[in-house]
Amino acid sequence: MKKFLTKLLILFSMMFILIPLLAGCTLPGLTSAQRNSDSVRVAATTSTESQILAYMISELIEHETNLQTSIVNNMGSASMMHEALVRKNADIQATSFNGTELTGNLQLPPTKDAHKATRIVRRELKKRYDQTYYPTYGFADTYAFMVKQATAQKYHLQTVSDLEKVAQQFSVGVDSIWLNHKGDGYKDFIRYYGFEFKRAHPMQIGLVYSALAANKMDVVLGYSTDGRIDSYHLQQLQDNKHFFPPYQCSLVVNNYMLREHPQLKSLLHRLDGKINLHTMRHLNYQVDDQLLEPQVVAHQFLVQHNYFRGDK
Amino acid sequence: MAHLNTWQQLIYYYQHNGLYVWEQFSRHFLVSIYGVLFAAIIGIPIGIYVARNHHLADFVISIANVIQTIPSLALLSIIMLGLGLGVNTVIVTVFLYSLLPIIKNTYTGMSNVDANIIDSGRGMGMTKWQILYMIQLPLSLSIIMAGIRSALVIAIGITAIGSFVGAGGLGDIITRGINATNGAALIIAGALPTAFMAIITDTVLNFLEKWLQPAALKNS
């Protein structure tokens, strides 16, 4: 019986010695999401592009400074990411589109002028939330209607207006956030283009492309930067009435982070204007079609460009 | 990659992202272990206590039962409101789900120890504490361990959902698989290690249980 007690003791002491060892410091081993002076938390949504950029920021910081980083991954939407930053659950927002920011998080009227939108967003984010809105990465992501090549040929579809004659028979698959967007959502689309589809199916944005490819939908609203446009050979329809404003993508930082770690400011500026639409689509393609992890793609991209050290 | 079939894609994926998968694997493992460990530290004493105070048993176990009936995504979101995003939220969720199997099994194990044996222990002049660790715990060990085992298997499943509050882990890979073009390979790439982890930990705990079992009980 004594033996049993000894065994039990051995076991417990092992647990208490081993697990902290295994774990590193406090609870971690899990770079925790608790606020901590020498760690940076980068928020990303479920979209591939957001995750690639988050890992890129995270690796850039870890490689060039002594700070630790963690990714707060798979946020359901842009507003959830925004909320995470405001409540200090995260420090950097990997992707922020000026249009979404303007109408969604700031609740301001939409504008079709991208530069003006950026100006307003930068000013308001600073004033209301003490955040810095960085210059764009260099690409803009807009919503775009797309159909299969075969459909496009059959109905002679090239522009969004061409959809009007077939809209009554077409089901459309759209991003669930877009349905209720203010200013450029579905309601505004109906008013602007003057027709509506047979039925609009809200779904997660990642699913619209495969829904189209599997013939579940006739037309979908996807992102213009998506790598799957190439891999499924989809036909993007031209937005001939310029309904969708170009959404320029930037990163957003909580200012306390920049105050605590001034070196971050110039470091993050290294990504300004470095990723154009073509590059982004290619990076997305590597993840979505070539089965590479966003982390791996981000790493390769940074190494390839020597962490953008050239322009400090 | 469309020219490869799912299994070839899977192998390709592991070849190119091995390190990443390993990182997520250990993270996933740690989150589950922490949750269950805390639940064991709290749950086993509670189980022992209610076994001695039977009138409390129904109350305590029904509370644990109620926790168990809340869908995991809902519980995760509720806790997220308080704790914010990240791993700690998931650890607390795992902790809460692990309480029921651990408390319930400890309680059952302790109260099923033959009263005559306890009586003879008392007759030999054992203290309450001695009866606990010399008689009750060894005899109910296999049942308590069974509780911890099922808690751990449940925990590994719940941690996978934790990726929705930004905790990372293998759930990240599965979530990406859902979003990707040909996600089948990715979903399997995330799910396979998860299942593997559950099997491995269950086996390890099984050995542990056998090792802890008092020699006198081993042959029976």
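Residues numbered from 1 in each chain as written. Chains lettered and ligands numbered in written order. Predicted model: local features only at pLDDT ≥ 70, side-chain atom pairs only at ≥ 80, totals over all residues.

K.L.:
An account of the pairing of strand S8 (residues 199–203) of chain A is needed here, citing residue identities and associated values.
P.N.:
Across 5 bridges, strand S7 (residues 171–175) of chain A lies against S8(A) in parallel orientation. From the neighbouring strand, A:Asp175 faces S8(A), where its bridge partner is A:Met203. (Pairing = 2+ DSSP bridges. Helix = DSSP H or I, 4+ residues; strand = E, 2+ residues; numbered from the N terminus.)

K.L.:
Go over the sheet that holds S7(A) with me, naming the residues and quoting the values.
P.N.:
All names here are of chain A. Taken in spatial order, the 5 strands of this open sheet run S8-S7-S9-S6-S10, and their pairing is mixed. The open sheet has two edge strands, S8 and strand S10 (234–236), and neither has a second partner. On average, each strand axis in the sheet is tilted by 35° relative to the strand beside it, whichever way the strands run. (Axes fitted to C-alpha atoms, helices over the stretch in contact; angles between N-to-C directions.)

K.L.:
Quick one: what's the story with unusual backbone geometry, residue by residue and with numbers?
P.N.:
Residues and elements named next belong to chain A. In this structure, Lys 88 takes a positive phi of about 60° despite not being glycine. Mapped onto the fold, Lys 88 is located in the loop between helix H3 (78–86) and strand S3 (92–97). A tally of 14 C-beta atoms within 10 Å means that Lys 88 is categorised as partly exposed. The backbone of Asp 130 shows a phi angle near 55°, a positive value even though the residue is not glycine. Within the fold, Asp 130 resides in the loop between helix H5 (114–129) and strand S4 (131–133). (Buried ≥ 20, exposed ≤ 12 C-beta atoms within 10 Å, placed from the backbone.)

K.L.:
Residue-level account of the domain arrangement of chain A, with values.
P.N.:
Residue and element names in this part refer to chain A. Here chain A is partitioned into domain 1 (39–140 + 246–311) and domain 2 (143–236). Taking only C-alpha atoms into account, the centre of domain 1 sits 27 Å from that of domain 2. Between domain 1 and domain 2, the residue contacts involve 16 residues of the former and 13 residues of the latter. Per-element tally for the side of domain 1 that touches domain 2: the top contributor is helix H12 (residues 277–288), with 7 residues. (Domains from an automatic or database assignment. Contact = placed C-beta atoms within 7 Å.)

K.L.:
Give me the lowdown on the pairing of strand S11 (residues 247–254) of chain A, citing residues and values where you can.
P.N.:
The two faces of the sheet receive side chains in turn, since in a regular strand these alternate between them. All names here are of chain A. The buried count for S11 comes to 8 of 8 residues, which makes it a mostly enclosed element. Taken together, the 4 bridges between S3 and S11 define a ladder with antiparallel strand orientation. What sits directly across from Gln 93, in S11, is Val 252. Sheet topology places S4 next to S11; 3 bridges connect them, and they run antiparallel. In the strand pairing of S11, Gln 131 is matched with Asn 254. Across 2 bridges, the pairing between strand S5 (residues 140–141) and S11 is antiparallel. Considered in S11, the bridge of Ala 140 is made with Gln 248.

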